[in-house]
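Survey of secondary and tertiary structure
Residue strings, one per chain:
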Amino acid sequence: MAITVRTVKRPERTFATELYLVEIVKGLGLTFRHLFVNLYRHSKRALGLKGLPGSVTVQYPDDPAVLGKRARTRHRLLKRDDGAPRCTACLLCETICPAKCIRITAENAPDVTVEKRAKTFDIDLGMCIFCGYCVEACPVDAIHMDANEVELSSYNRKDMIWNMPELLGDVPKTPSRP
Ligand code: SF4
Ligand code: SF4
């Protein structure tokens with residue numbers, strides 16, 4: 001198979017380009033445009049007039065974090081209509097997890113149509129990279145990352161491990177004292 005080589009011509013560098021003057025003026029124009037637009041919007045709101053908010057730094061943690069609709073937050077395990085966990089301990093999430101932070105032990109389920117269920121299901125959020133692969137891999141939609149919790153830090157590594165009752169929302173996560 002013949003290979004076609006295409007020669008790409010570099011743009012000419014003129015004296016004006018070398019000076020970078022046009023680009024500097026353009027950059028300053030953009031900066032000052034944002035400055036004055038935000039100044040106008042903030043002044044309007046300070047005077048009690050309605051209008052678009054200006055762009056500001058979010059004063060986290062004094063102000064809560066504003067999360068996007070599709071933000072991946074803390075995992076939670078889902079239940080079936082009868083209240084039993086949906087997880088069938090297929091181990092797909094554990095297998096696909098690139099951080100190897102899911103640990104599941106399986107046992108026989110009393111429901112023969114399900115066959116297996118998780119006996120223990122732990123996620124070490126201290127190792128998790130929040131990639132969402134576990135959610136995508138789950139064939140029974142048993143795990144979501146929509147608990148809307150992002151403040152997950154703790155004083156010791158053990159507290160970063162969430163177990164099944166905590167992930168199911170049956171018991172609250174109670175961190176140990178520092
Ligand atoms: S989000 Fe990614 S790293 Fe975290 S538990 Fe799921 S698969 Fe593992
Ligand atoms: S992929 Fe879903 S069903 Fe399989 S072990 Fe993980 S959470 Fe349970």
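Residues numbered from 1 in each chain as written. Chains lettered and ligands numbered in written order. Predicted model: local features only at pLDDT ≥ 70, side-chain atom pairs only at ≥ 80, totals over all residues. Heavy atoms only, no water.

With that out of the way, let us pick up the environment of Pro 61. In this fold, Pro 61 is placed in the loop between helix H2 (21-46) and strand E1 (76-77). Judged by relative accessible area, Pro 61 falls into the exposed class, the value being 60%. The spacing of Pro 61 and Arg 74 is 13 residues in sequence and 18 Å in space, taken between C-alpha atoms. (Helix = DSSP H or I, 4+ residues; strand = E, 2+ residues; numbered from the N terminus. Buried < 20%, exposed > 50% of the residue type's maximum accessible area, 1.4 Å probe, protein only.)

Close to ligand 1 lie 14 residues, the nearest being Cys 97, Cys 128, Cys 131, Gly 132 and Cys 134. Grouping the amino acids of the shell around ligand 1 by side-chain chemistry returns 12 nonpolar, two polar and no charged. (Near = heavy atom within 4 Å. Nonpolar A, V, L, I, M, F, W, Y, C, P; charged D, E, K, R; others polar.)

Below, the discussion takes up the packing of aromatic side chains. Using the criterion set out here, one finds one aromatic pair in the structure. Aromatic pair Phe 32 and Phe 36: ring centres 6.2 Å apart, planes at 25°, arrangement stacked. Taken together, the residues Phe 32 and Phe 36, both in helix H2 and four residues apart, mark about one turn of the helix. Judged by its relative accessible area of 41%, Phe 32 falls in the partly exposed class. (Phe/Tyr/Trp six-rings, centres within 6.5 Å; stacked < 30°, edge-to-face > 60°.)

What follows is about the nonpolar core. One finds Ile 102, Phe 121 and Ile 123 to be the most contacted residues of the largest nonpolar core, which totals 25 residues. Going through the elements one at a time, strand E2 (102-108), strand E3 (116-124) and helix H5 (164-168) are the ones with two or more residues in this core. In contact with Ile 102, other than residues within four places in its own chain, are Cys 93, Glu 94, Cys 97, Phe 121, Asp 122, Ile 123 and Cys 134. (Core = buried A, V, L, I, M, F, W, Y, C linked by side-chain atoms within 4.5 Å. Contact = heavy atoms within 4.5 Å.)

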